[in-house]
Amino acid sequence: QRLTDKILAAFTHSYAVDEIELATELWAALELAERVSERENSRRVPNQALRLAQYWIKLVDAKRRYHDAMSIAGGSIAGGREGEADQALQEMKAAYQAWQVQFDEE
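Residues numbered from 1 in each chain as written. Predicted model: local features only at pLDDT ≥ 70, side-chain atom pairs only at ≥ 80, totals over all residues. Heavy atoms only, no water.

Student: How should the overall build of the chain be read in this particular structure?
Tutor: What the chain contains, in helices and strands, is 4 helices and 0 strands. Counting across all 106 residues of the chain, residues that qualify as buried make up 33%. Taking the contacts inside the chain whose residues are at least 6 apart along the sequence as the reference set, 55% of them involve residues at least 24 apart. Summing over all exposed atoms, the chain offers an accessible surface of approximately 6,900 Å²; the carbon and sulfur share of this is 53%. (Helix = DSSP H or I, 4+ residues; strand = E, 2+ residues; numbered from the N terminus. Buried < 20%, exposed > 50% of the residue type's maximum accessible area, 1.4 Å probe, protein only. Contact = heavy atoms within 4.5 Å. Areas by Shrake-Rupley, 256 points an atom, 1.4 Å probe, with all protein chains shown as cover.)

Student: Is there a simple way to think about the side chain of Ser14 in this case?
Tutor: Mapped onto the elements of the fold, Ser14 is located in helix α1 (residues 2–16). Residue class for Ser14 comes out buried when judged on its relative accessible area of 2%. Here the side chain of Ser14 touches Phe11 through a polar contact of 3.0 Å, landing on its backbone oxygen. In this structure, Ser14 is in contact with Glu19, Leu22, Ala23 and Leu26, ignoring residues within four places of it in sequence. (Polar contact = N/O pair within 3.5 Å; in protein donor to acceptor, adjacent residues only side chain to side chain.)

Student: Any chance you could explain the packing of aromatic side chains here in plain terms?
Tutor: For any pair of aromatic rings, geometry is given as the distance between the ring centres together with the angle between the planes. The final tally for this structure, using the stated rule, is 4 aromatic pairs. Ring-pair connections join several aromatic residues into one group, and the members of that group are Phe11, Tyr15 and Trp27. Over the aromatic face of Tyr55 sits the side chain of Lys58, whose NZ or CZ is 5.3 Å from the ring centroid. Looking at Arg64, its charged tip hangs above the ring of Tyr15, at a distance of 5.1 Å from the centre. (Phe/Tyr/Trp six-rings, centres within 6.5 Å; stacked < 30°, edge-to-face > 60°. Lys NZ or Arg CZ within 6 Å of the ring centre and 35° of its normal.)

Student: Explain the environment of His67 here, please?
Tutor: By the secondary structure assignment, His67 is in helix α3 (residues 48–72). Spatially, the C-alpha atoms of His67 and Leu89 are 8.9 Å apart, while their sequence positions differ by 22 residues.

Student: Which parts of the structure should I look at to understand α1?
Tutor: Residues separated by three or four positions in an α-helix point in the same direction, a consequence of the helix having 3.6 residues per turn. With 15 residues, α1 ought to run about 21 Å at 1.5 Å a step, and its terminal C-alpha atoms sit 21 Å apart, in line with that. Inspection of α1 places Thr4, Ile7, Leu8, Phe11, Thr12, Ser14 and Tyr15 among the buried residues, and these make up the whole buried set. Projected down its long axis, α1 shows its buried positions confined to an angular sector of 165°, all on one face. Structural note: α1 exposes Arg2, Lys6 and His13 on the side pointing more than 90 degrees away from its buried face. Looking one or two residues past α1, Asp18 carries a phi angle of roughly 70°, positive in sign. (Expected span 1.5 Å × (residues − 1). Arc of directions from axis to C-beta.)

Student: Would you explain the confidence of the model for the chain in this entry?
Tutor: Keep in mind that low pLDDT regions are not for reading the predicted coordinates in detail. For the chain, per-residue confidence averages 82 on the pLDDT scale, and 77% of positions sit at 70 or higher. Looking at the elements of the chain, mean pLDDT is at its lowest for helix α4 (residues 82–105), recorded as 81, and at its highest for α1, recorded as 92. (pLDDT = per-residue confidence, 0-100.)

Student: Hey, could you run me through the pattern of salt bridges in this one?
Tutor: If you walk through the whole model with that rule in mind, you get 3 salt bridges. Across the salt bridge formed by Asp18 and Arg64, the nearest N and O atoms sit 3.7 Å from each other. Of the two residues, Asp18 sits in the loop between α1 and α2 (20–40) while Arg64 sits in helix α3, which places them 46 residues apart along the sequence. Under the relative-accessibility criterion, Arg64 is labelled partly exposed at 24%. The salt bridge partner of Arg64 is Asp61, with a shortest N-O separation of 3.8 Å. Here the residue Arg64 and the residue Asp61 both occupy positions in helix α3, the gap between them amounting to 3 residues, near one helical turn. Overall, the relative accessible area of 24% leaves Asp61 in the partly exposed class. (Salt bridge = Lys/Arg side-chain N within 4 Å of Asp/Glu carboxyl O.)

Structure below.
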């Protein structure tokens, strides 16, 4: 479990800083580590780390959409495309809450 936790931490960081090639390699390592862990420890819920990584991707992608919308709106929700920025903010909040629930269950 510690190995998958370390790979998950590296994956979340690399994805958050937009190092997609590295994140892709870490995703493959995470899949492999999860398969090994599942064989060796039947008490662990399979694919926990992968599930957390998927929620992290949703959160980071929502955050990027929000920042993009804010840039388009001139840095203000009251800017020209306020509906888009507000929707992106709501999506980011929902993604964070979903990620937090999964993380707390871990």
